[in-house]
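In case you want the letters, here they are:
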Amino acid sequence: MRFFLVSIFFISTLAALNVNISDSTILNGKTALIELEKDENIQYNEISIGKKKYKIFNNPVNDKKMYVLIPIGYYEKPRNVQAKLTYKEKNSDVSKTLFFHIKDAKYQKETIKVSNSKVNLNKKDLKRSAKENKEATDIYNSVTDKSYISSSFILPMESEITSSFGKARVYNETLKGYHSGTDFRADVGTPIKSCNDGVVVLAKDRFYSGGSVIIDHGQGIYTCYFHMSEFSVKKNQKIKKAQIIGLSGKSGRVTGPHLHFSAKVSGVQVDPMQLILLMNEKLLIKQNYKE
Ligand SMILES: [Zn+2]
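Please read all numbers here as calculations on a predicted model, not as lab measurements. (Residues numbered from 1 in each chain as written. Predicted model: local features only at pLDDT ≥ 70, side-chain atom pairs only at ≥ 80, totals over all residues.)

Colleague: Would you mind going over the domain arrangement of the protein with me for this structure?
Modeller: Reports often express the size of an interface as the amount of accessible area lost when the parts come together. Each domain of the protein was delimited in the assignment, giving domain 1 (6–105) and domain 2 (109–276). Once you take the C-alpha centre of each, domain 1 and domain 2 turn out to be 28 Å apart. Residue assignment for the side of domain 1 that touches domain 2 shows that the elements contributing at least two residues are β6 (52–55) and β8 (65–71). Residues of the side of domain 1 that touches domain 2, tallied by class, amount to 8 nonpolar, 3 polar and 2 charged. (Domains from an automatic or database assignment. Helix = DSSP H or I, 4+ residues; strand = E, 2+ residues; numbered from the N terminus. Nonpolar A, V, L, I, M, F, W, Y, C, P; charged D, E, K, R; others polar.)

Colleague: How should the pairing of β8 be read in this particular structure?
Modeller: Note on strand geometry: in a regular strand, side chains alternate between the two faces of the sheet. Counting buried residues in β8 gives 5 out of 7 residues, a clear majority hidden from the surface. Bridging between strand β4 (residues 31–37) and β8 involves 7 bridges; their strand directions are antiparallel. Paired with Leu36 across the two strands is Met66, which belongs to β8. Two strands pair when backbone bridges link them, and strand β7 (residues 57–58) and β8 are joined in this way by 2 bridges, in the antiparallel orientation. Residue pairing across strands places Asn58 opposite Met66, the latter belonging to β8. As consecutive antiparallel partners, β7 and β8 are separated by 6 residues. (Buried ≥ 20, exposed ≤ 12 C-beta atoms within 10 Å, placed from the backbone. Pairing = 2+ DSSP bridges.)

Right, dumping it as structure tokens:
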């Protein structure tokens, strides 16, 4: 995957604002990074796209920089987008517009056969899955302002990827959304690592995702590990990168044992592999990079 660094310098009357965008064209399901250099005369407020607001955070490894992740939802249509950056410069309110283009990622379709009871839900299962969905949505939408991470992300296991993010999914001939994560080939009982430091915010068995662990890495970034057979962590437990959080399995709606690994940014489901690459190559580098 390639990233382009587009540098936009806004010359205002008082100072030059230095903003970097990882990529001016973003595919649906992917994440863009906006980096801002700290300046003693500037107090950044937020970035907004339409009604959506994005907090500006301190870079976890570089105290001269701040950043915003802009996750583009899977169902976002191709279009031009204007992001409004607001800040105070020497006590006056200023806003600048950044321009993006959302492009269709053209994800493929895949057909999956699963037990009919996991496609056509009875009342009890519907109620259960709705409750679990609400619980997870509340987690993903809550943002911890501090970051728990201090170094790059790793993958939860070294294994073959059997299904990538974004494939449109046809379950037993019915189109039911898209593949929301990356699947790793894993026999039942394969150890799963936390991909970075964080806090466990959910560790329980769920209807669709089976044995599930969700980790908060701070600043709106969550990673999720599904279909597990065993947990070795508990809710509210602080964990370190590469710590074993449990074992892979075949629980929930699956066709066989594997690890489903996914990520959320500010409540939006994004391609976890692209997020990790973006974070590791652009954000979590100690030195300032120059074009
Ligand atoms: Zn999966």
